[in-house]
Amino acid sequence: MPLSPSADINGSSSLATRQIHAGRSGSSDAPGQATLPVPIYQSSAYEFPDHAAASAMFAQTIPGFTYSRTGNPTVAVLEARAADLEGGLAGLALGSGQSAVAASLLALVSSGPGKHLVVSEKLYGGTVDLLGDTLADLGVTVTYVDPADPQEWAHAATPETRGFFLESIGNPLSTLADLDAIVEIAHAQGIPVVVDNTLATPVLYRPIEHGADIVVHSATKFFGGHGTALAGVIVDSGRFDWEAEPERWPQFTRARERWGHISLVEKCRGASPFLHLCRAKFVHDLGLTLSPFNASQILQGLETLDLRMRRHTDSAAEIARFLSTHPAVRRVHHPLVEGSDDRALAERDFPQGTGSVFAFELECQDSCVAAFVDSLRLFKLVANIGDVRSLINHPAAMTHCRLTEEQRRAGGITWQTLRLSVGLEAVDDLIADLQSSLDELVRRDAAATRTAAHQEVTA
Ligand SMILES: *Cc1c(COP(=O)(O)O)cnc(C)c1O
């Protein structure tokens, strides 16, 4: 079925068209059965036409679906569409963003002696857990650096380094990075760059156009957009040359029994050895599979991606401006507010804005944070982002609670830091919700000051 490459797009370079049609052509379905939306192939496995076809597919000498752990027609449309939107060679969908990050990093460090990564210190909490615990147990070492300072990346790289990893927009503080400069440093030393593009999406930023080699997504967030399904995606630009230093990359350049006694680069000429390793080894062996139903939810979300991202982004910028004027707010971490360190980068690389996830710090005692969060009505207390509904998260107590005090400080997170994921509700209603809770903080603070002054006088 629907793997014929995007004939309907007719050469359009517009994301608005591609997000609806890429990776799918219903005209390749059986006559009279061409569903317009992508159908859900709810099947664990596939009937082979005959023994010869079954043996050839298992030997991977002809393409075809054998068992849904490693491939499914519904999931395949998502893979093709994600690759198309990011401008990559090919895509792979997985059961969650976490598995996409894990598989892409395992593919770089699991073979050969080099097990060092240079990683941004401004990261999603689950990625910090993966690096600091599970990958550390497997012998992987990590140097954390400031995404805003390319020279730190240059100094951190060693002959053992097998990858740079960063988020195009950092979660939770909306931190930006000079990806072009970081890529130049990496490539000069033969190191691939992996970028988590979850917060930006290809609507706002396309890492491959800035030189990134691999792009990963938590499709759970803005791709799906409605908070209904977990999913992850890896896209390979197809540009990193594993054969330039073959001894560094035995997983791609050395013949293996598993690949029919040839190397992955030989097996995958014109395709992606990187994604073949992720799919045929990690997804197959570890079972990091995406269900076809969840793939269908993400595909439906993608159809409106650019419309949603525009509203998300505009509303977030307006809310950031409002927060930066309120006396109960100490600081707003949004690249477009007055005084932000990232403003120049935002203007250069993010002409359409920097998305809807950002953070701010309350000007209040530790004990007031919970009361503030509980008093909100429209902003829901949820450990997620990229939903049509507006969400608030308290990183120090929730998503980033397993970080050490030192990691939290390096990540710029205090007890008063709150992360917002601005949804698609009317922005005036969202501002009114925040305003009423912030005004209450100011009133409570004034009352506390009066009580303290009164006690001093009467003491
Ligand atoms: C949520 C998130 C992940 C993990 O994705 P899941 O789909 O929750 O497994 C990874 N990176 C970023 C930036 C995220 O926001």
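Reading guide: rules and limits
Residues numbered from 1 in each chain as written. Predicted model: local features only at pLDDT ≥ 70, side-chain atom pairs only at ≥ 80, totals over all residues. Heavy atoms only, no water. Near = heavy atom within 4 Å. Polar contact = N/O pair within 3.5 Å; in protein donor to acceptor, adjacent residues only side chain to side chain. Areas by Shrake-Rupley, 256 points an atom, 1.4 Å probe, with all protein chains shown as cover. Nonpolar A, V, L, I, M, F, W, Y, C, P; charged D, E, K, R; others polar. Helix = DSSP H or I, 4+ residues; strand = E, 2+ residues; numbered from the N terminus. Buried < 20%, exposed > 50% of the residue type's maximum accessible area, 1.4 Å probe, protein only. Pairing = 2+ DSSP bridges. Axes fitted to C-alpha atoms, helices over the stretch in contact; angles between N-to-C directions. Phe/Tyr/Trp six-rings, centres within 6.5 Å; stacked < 30°, edge-to-face > 60°. Lys NZ or Arg CZ within 6 Å of the ring centre and 35° of its normal. Salt bridge = Lys/Arg side-chain N within 4 Å of Asp/Glu carboxyl O. Domains from an automatic or database assignment. Contact = heavy atoms within 4.5 Å. Buried area = accessible area lost by both parts, 1.4 Å probe. Patch = residues over 30% accessible without salt bridge, like charges linked within 9 Å, V, L, I, M, F, W, Y side chains within 5 Å. Lys, Arg positive; Asp, Glu negative; His and termini not counted. Charge placed at Lys NZ, Arg CZ, Asp CG, Glu CD. Parallel < 35°, antiparallel > 145°, perpendicular 65-115°, else oblique. Left-handed = near helix turned anticlockwise from the far one by under 90°.

J.: Looking at this structure, how should I read the site of the ligand?
T.: By nearness alone, 14 residues border the ligand, and Gln-98, Asp-196, Ser-218, Thr-220 and Lys-221 come closest of all. Asp-196 has a polar side-chain atom sitting 2.7 Å from a nitrogen atom of the ligand. Take Lys-221: an N or O atom from its side chain is 2.8 Å from an oxygen atom of the ligand. Out of a free accessible area of 380 Å², the ligand has 94% covered by protein chains. In terms of residue class, the shell around the ligand is made up of four nonpolar, seven polar and three charged.

J.: I keep staring at unusual backbone geometry and nothing clicks. Help me out?
T.: Glycine aside, residues mostly have negative phi, and peptide bonds are mostly found in the trans state. In this chain, Asn-171 is followed by Pro-172 through a cis amide linkage whose omega measures 15 degrees. Assignment of secondary structure puts Pro-172 in the loop between β4 (161–167) and α7 (179–188). Phi at Thr-201 is positive, roughly 65 degrees, even though this residue is not glycine. Looking at where Thr-201 falls in the secondary structure, it is placed in helix α8 (residues 201–204). The class of Thr-201 is buried, set by a relative accessible area of 0%. Positive phi outside glycine occurs at His-261, with the angle close to 65 degrees. Structurally, His-261 is set in the loop between α9 (250–253) and α10 (264–267).

J.: Even after reading the chapter, I still don't get the sheet that holds strand β3 (residues 141–145), so can you show me in this structure?
T.: Hydrogen bonds along the backbone pair up the strands of a sheet, which may run parallel or antiparallel. The sheet built from seven strands is open, its strands ordered β1-β7-β6-β5-β4-β2-β3 with mixed pairing. Looking along the sheet, the strands with just one partner apiece sit at the ends: β1 (90–94) and β3. The mean angle between the axes of side-by-side strands here comes to 20 degrees, regardless of whether they run parallel or antiparallel. As paired strands, strand β6 (residues 214–218) and strand β7 (residues 232–236) are joined by five bridges and run antiparallel to one another.

J.: Would you mind going over the packing of aromatic side chains with me for this structure?
T.: Aromatic ring pairs are defined here through the distance separating the ring centres and the angle between the ring planes. Applying the stated criterion to the full structure yields eleven aromatic pairs. A ring pair is formed by Trp-153 and Phe-164, whose centres lie 5.2 Å apart and whose planes are at 50 degrees; its orientation type is tilted. Of the two residues, Trp-153 sits in helix α6 (residues 150–156) while Phe-164 sits in strand β4, which places them eleven residues apart along the sequence. A relative accessible area of 0% places Phe-164 in the buried class. Here the aromatic rings of Phe-252 and Phe-274 are separated by 6.2 Å at their centres, their planes lie at 35 degrees, and the arrangement is tilted. Taken as a pair, Phe-252 in helix α9 and Phe-274 in helix α11 (residues 273–286) lie far apart in primary sequence, 22 residues in all. For Phe-252, a relative accessible area of 0% gives the class buried. One aromatic cluster is present, built from ring pairs that chain together Phe-240, Trp-242, Trp-249, Phe-252 and Phe-274. Geometry around Trp-249 places Arg-162 over its ring, the cationic atom sitting 5.7 Å from the centre. If you follow Lys-221 out to its NZ or CZ, it ends over the ring of Tyr-124, 5.0 Å from the centre.

J.: How should the pattern of salt bridges be read in this particular structure?
T.: Taken as a whole and assessed by the stated rule, the structure comprises 20 salt bridges. With a shortest N-O distance of 2.6 Å, Glu-209 and Arg-206 are connected by a salt bridge. Residue Arg-206 is classed as partly exposed on the basis of its relative accessible area, which comes to 24%. A salt bridge links Glu-245 to Arg-248; its shortest N-O distance comes to 3.6 Å. Judged by relative accessible area, which is 29%, Glu-245 ranks as partly exposed. Shared partners join several salt bridges into a network, and the residues in it are Asp-178, Asp-180, Arg-348 and Asp-349.

J.: Got a minute to help me understand the domain arrangement of the chain in this structure?
T.: The figure often quoted for interface size is the accessible area lost as the parts come together. Under the domain assignment, the chain is made up of domain 1 (7–29 + 38–301) and domain 2 (305–458). Each of domain 1 and domain 2 was reduced to a C-alpha centroid, and the two centroids are 32 Å apart. Listed by partner, the interface residues are 37 residues for domain 1 and 40 residues for domain 2. Across the domain 1 to domain 2 interface the summed buried area is about 3200 Å²; carbon plus sulfur atoms make up 60%. For the pair domain 1 and domain 2, the interface holds three salt bridges. Between Arg-348 and Asp-178 there is a salt bridge, with the nearest N and O atoms lying 2.9 Å from each other. In this structure, the connection of domain 1 to domain 2 is made through 16 residue pairs in polar contact (both at pLDDT 80 or more). With four residues, α8 is the single largest residue contributor to the side of domain 1 that touches domain 2. For the side of domain 1 that touches domain 2, the class distribution of residues is 18 nonpolar, 13 polar and six charged.

J.: What's the story with a negative patch on the surface in this structure? I'm lost.
T.: Residues Asp-314, Glu-318, Asp-428 and Asp-429 make up a contiguous surface patch of negative charge. If you list the elements that add at least two residues to the negative patch, you get α13 (305–324) and α17 (427–458). Within the element layout of this structure, Glu-318 appears in helix α13.

J.: Looking at this structure, how should I read the packing of helix α4 (residues 97–109) against α11?
T.: The interhelical angle for the contact between α4 and α11, taken along N-to-C directions, is 110 degrees, at an axis separation of 10 Å. Here α4 is positioned roughly perpendicular relative to α11, judged by the angle of their axes. The crossing of α4 and α11 is right-handed. Contact residues: α4 offers Ala-103, Ser-104, Leu-106, Ala-107 and Leu-108, while α11 offers Phe-274, Leu-277, Cys-278, Phe-282 and Leu-286. Among the residues making up the contact of α4 with α11, the classes are represented as nine nonpolar, one polar and no charged.

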